[in-house]
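# Tertiary structure, described
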Amino acid sequence: YFDRAIELAPRKMRHWLNRGRAHARQGNYELALRDFAAAQEIARDHPEAKTCAAVAKAALDAQKRGAKVVPLPQACISDPAIRTTRSQSPSRRQAA
């Protein structure tokens, strides 16, 4: 899904950020770092791109040293813009 989104719109920073998040969730910090770096190149001052790139680099370095990888911040593993809460779930919206 993310590969296709990037193929269709390679200059859309959010696509790179989301694919990086998917890689980070899987513990593939090298691929996550590449995608976060690509997102950062498109939007240099974007705070999530900066933070996630730095955190993924630290996680990759720890992984290579055989050290414990500190859990990544929520913003680096899921998109806060698409997260739902219980009050926003489809069943509750239909009941309203």
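## A closer look at the overall build of the protein
The secondary structure content of the protein amounts to five helices and zero strands. Along the protein, helices (α) and strands (β) appear in the sequence α-α-α-α-α when read from the amino end. Looking at the 96 residues of the protein, the share that counts as buried comes to 33%. If you take every contact in the protein between residues at least 6 apart in sequence, the share linking residues at least 24 apart comes to 48%. Element-wise, carbon and sulfur atoms account for 53% of the exposed surface of the protein, whose accessible area totals about 6,400 Å².

## Focus: the packing of helix H2 (residues 13-25) against helix H3 (residues 29-42)
Contact pair H2 / H3: the axes reach a minimum separation of 8 Å and the direction vectors enclose 165°. As the angle between them shows, H2 and H3 are arranged roughly antiparallel. As for how H2 packs across H3, the hand of that crossing is left-handed. Listed contacts from H3 to Met13, Trp16, Leu17, Arg19, Gly20, Arg21, His23 and Ala24 of H2 are Tyr29, Leu31, Ala32, Asp35, Phe36, Ala38, Ala39 and Ile42. The residue makeup of the contact of H2 with H3, split by class, is eleven nonpolar, two polar and three charged.

## Quick word on the nonpolar core
Formed by 19 residues in total, the largest nonpolar core has its most connected members in Phe36, Ala39 and Leu72. Contributing elements (two or more residues each) for this core: H2, H3 and helix H4 (47-65). What alanine 39 contacts, discounting residues up to four positions off in sequence, is Met13, Trp16, Leu17 and Ala49.

## Quick look at the confidence of the model for the protein
Of the residues in the protein, 82% reach a pLDDT of 70 or more, and the chain-wide mean stands at 83. Looking across the protein, the model is least confident in helix H5 (residues 90-95), with a mean pLDDT of 42, and most confident in H3, with 94. Predicted confidence for residues 84-96 stays below pLDDT 50, and this span has four contacts to residues more than four positions away or in other chains.

## Observations concerning the environment of alanine 56
Within the fold, alanine 56 resides in helix H4. The class of alanine 56 is buried, set by a relative accessible area of 0%.

## As for the packing of H3 against H4
Closest axis-to-axis distance for the H3/H4 pair is 8 Å, and the angle between their directions is 155°. Put simply, H3 runs roughly antiparallel to H4. The hand of the H3/H4 crossing is left-handed. On the side of H3, the interface is formed by Tyr29, Glu30, Ala32, Leu33, Phe36, Ala39 and Gln40, while H4 contributes Ala49, Lys50, Cys52, Ala53, Ala56, Lys57, Ala59, Leu60 and Gln63. Looking at the contact of H3 with H4, its residues break down into eleven nonpolar, two polar and three charged.

Procedures and definitions
Residues numbered from 1 in each chain as written. Predicted model: local features only at pLDDT ≥ 70, side-chain atom pairs only at ≥ 80, totals over all residues. Heavy atoms only, no water. Helix = DSSP H or I, 4+ residues; strand = E, 2+ residues; numbered from the N terminus. Buried < 20%, exposed > 50% of the residue type's maximum accessible area, 1.4 Å probe, protein only. Contact = heavy atoms within 4.5 Å. Areas by Shrake-Rupley, 256 points an atom, 1.4 Å probe, with all protein chains shown as cover. Axes fitted to C-alpha atoms, helices over the stretch in contact; angles between N-to-C directions. Parallel < 35°, antiparallel > 145°, perpendicular 65-115°, else oblique. Left-handed = near helix turned anticlockwise from the far one by under 90°. Nonpolar A, V, L, I, M, F, W, Y, C, P; charged D, E, K, R; others polar. Core = buried A, V, L, I, M, F, W, Y, C linked by side-chain atoms within 4.5 Å. pLDDT = per-residue confidence, 0-100.

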